[in-house]
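Close look at the chain arrangement
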Amino acid sequence: ILFKDALIVTMNQHMEVLQGDLLVEGNRIKAIGQVDAKAQRVIDAREKVLIPGLIQAHVHLCQTIFRGQADDLELLDWLNTRILPLESAHDPESIYISALLGIGEMFQCGTTAIIDMESVHHTEAAFQAILESGIRAVSGKCMIDRGERVPASLMEKTDDSLQESVDLLERWHGSGNGRLHYAFTPRFAISCSESLLVEVRNLASKYGVRIHTHASENRNEVALIRAERKMDNVAYLNHLGLTGSNLVL
């Protein structure tokens, strides 16, 4: 594919912005500048900007088909009365379709890499959609082992949640020529026991992977964590040793 006469924002070490051509062979950029080469497909990019793919730093592909439901609710009511019950109703096919739809929407907006949190179950179906689509992703199985309002079908035993996460990591991490990276994804401190969070810290360090979780999404959550754990969200995660360069918060 040859892109002709684009304004090319390289994002290279020198942050160069060039007016010219860009040649792609296979899945690699072969040449940038004034390119004299034949190509199977030529795209006239005059008066257009060519940039690297955008990065969506937090998404739930499993929630794509829930969009617009209960957008008038406060966070914890939204989660407990709508989103978690809907997630508990997923099967592998609906997870797969939801993931493909979300990925397709992001491709249309120029997004080519995501940091994703899946639901508790059927994570492999989402991984399959990620690999088939061609998107680059950091993703993992949601982890929940506590909470009074969590649907029974999403409530896990701590050891089972950890073991399934490790099994998924060992099977899928690095798949798609490195496009899929596994992350441990405890939902948030409200729905995760301290023992689970501590073991997530240990396992992420052992395997050299990221941790992806929520914190401080609204005032009620902050107040609840402060009451339960006697400190604020991020301070609590830091107290457990989860904060570091591998944490996506």
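Residues numbered from 1 in each chain as written. Predicted model: local features only at pLDDT ≥ 70, side-chain atom pairs only at ≥ 80, totals over all residues. Heavy atoms only, no water.

1. What about the packing of aromatic side chains?
According to the stated counting rule, one finds three aromatic pairs in the structure shown. Plain terms: the ring middles of Phe127 and Tyr182 are 6.1 Å apart, the flat faces sit at 90 degrees to each other, and that makes the pair edge-to-face. With Phe127 in helix α3 (residues 123–133) and Tyr182 in strand β10 (residues 180–186), this pair connects stretches of sequence that are 55 residues apart. Residue Phe127 is classed as buried on the basis of its relative accessible area of 0%. Aromatic rings pair up to connect Phe127, Trp172, Tyr182 and Phe184 into one cluster. (Phe/Tyr/Trp six-rings, centres within 6.5 Å; stacked < 30°, edge-to-face > 60°. Helix = DSSP H or I, 4+ residues; strand = E, 2+ residues; numbered from the N terminus. Buried < 20%, exposed > 50% of the residue type's maximum accessible area, 1.4 Å probe, protein only.)

2. Looking at unusual backbone geometry
Phi angles above zero are rare outside glycine, and Glu47 is one such case at about 65 degrees. Here Glu47 shows up in the loop between β4 (42–44) and β5 (49–50). Its relative accessible area of 84% is what places Glu47 among the exposed residues.

3. Concerning the packing of helix α4 (residues 158–172) against helix α6 (residues 194–207)
With their axes 10 Å apart at the nearest point, α4 and α6 run at an angle of 20 degrees to one another. On the basis of their axis angle, the class for α4 and α6 is roughly parallel. The crossing of α4 and α6 is right-handed. Residues Thr158, Ser161, Leu162, Val166, Leu169 and Glu170 of α4 pack against Ser195, Leu196, Glu199, Val200, Leu203 and Tyr207 of α6. Classifying every residue of the contact of α4 with α6 gives seven nonpolar, three polar and two charged. (Axes fitted to C-alpha atoms, helices over the stretch in contact; angles between N-to-C directions. Parallel < 35°, antiparallel > 145°, perpendicular 65-115°, else oblique. Left-handed = near helix turned anticlockwise from the far one by under 90°. Contact = heavy atoms within 4.5 Å. Nonpolar A, V, L, I, M, F, W, Y, C, P; charged D, E, K, R; others polar.)

4. Side note on the pattern of salt bridges
When the charged atoms of two side chains with opposite charge come close together, those side chains can pair. By the definition in use, this model includes ten salt bridges. Across the pair Arg187 and Glu87 runs a salt bridge whose closest N-O atoms are separated by 2.8 Å. Taken as a pair, Arg187 in the loop between β10 and α6 and Glu87 in helix α1 (residues 75–88) lie far apart in primary sequence, 100 residues in all. We classify Arg187 as buried; its relative accessible area is 4%. For Glu87, a relative accessible area of 3% translates into the label buried. The salt bridge involving Arg226 is made with Asp232; its shortest N-O contact spans 2.8 Å. Overall, Asp232 belongs to the partly exposed group, its relative accessible area being 35%. Taken together, the shared-partner salt bridges connect Arg146, Glu228 and Arg229 into one network. (Salt bridge = Lys/Arg side-chain N within 4 Å of Asp/Glu carboxyl O.)

5. Quick notes on the environment of Ala129
Checked against the element boundaries, Ala129 lands in helix α3. On the accessibility criterion, Ala129 (0% relative accessible area) is buried. Along the primary structure Ala129 and Leu61 are separated by 68 residues, whereas in three dimensions their C-alpha atoms are 10.0 Å apart. When sequence neighbours within four positions are dropped, the list of residues in contact with Ala129 reads Tyr96, Ala99, Leu100 and Ile103.

6. What about the nonpolar core?
Of all hydrophobic cores here, the largest spans 55 residues; its most connected members are Ile130 and Phe184. Counting residues per element, the ones that place at least two in this core are α1, α2 (92–108), α3, β9 (142–143), α4, β10, α6 and α8 (233–239). Examining the composition of this core, we find that six residues originate from one element, α3, more than from any other. If sequence neighbours within four positions are ignored, Ile130 has contacts with Leu61, Ile103, Asp116, Ile135, Ala137, Ser139, Arg179 and Leu180. Listed in part, the five residues of the second largest apolar core include Ala6, Ile8, Leu22 and Ala45. (Core = buried A, V, L, I, M, F, W, Y, C linked by side-chain atoms within 4.5 Å.)

Read these as geometric descriptors, not functional statements.
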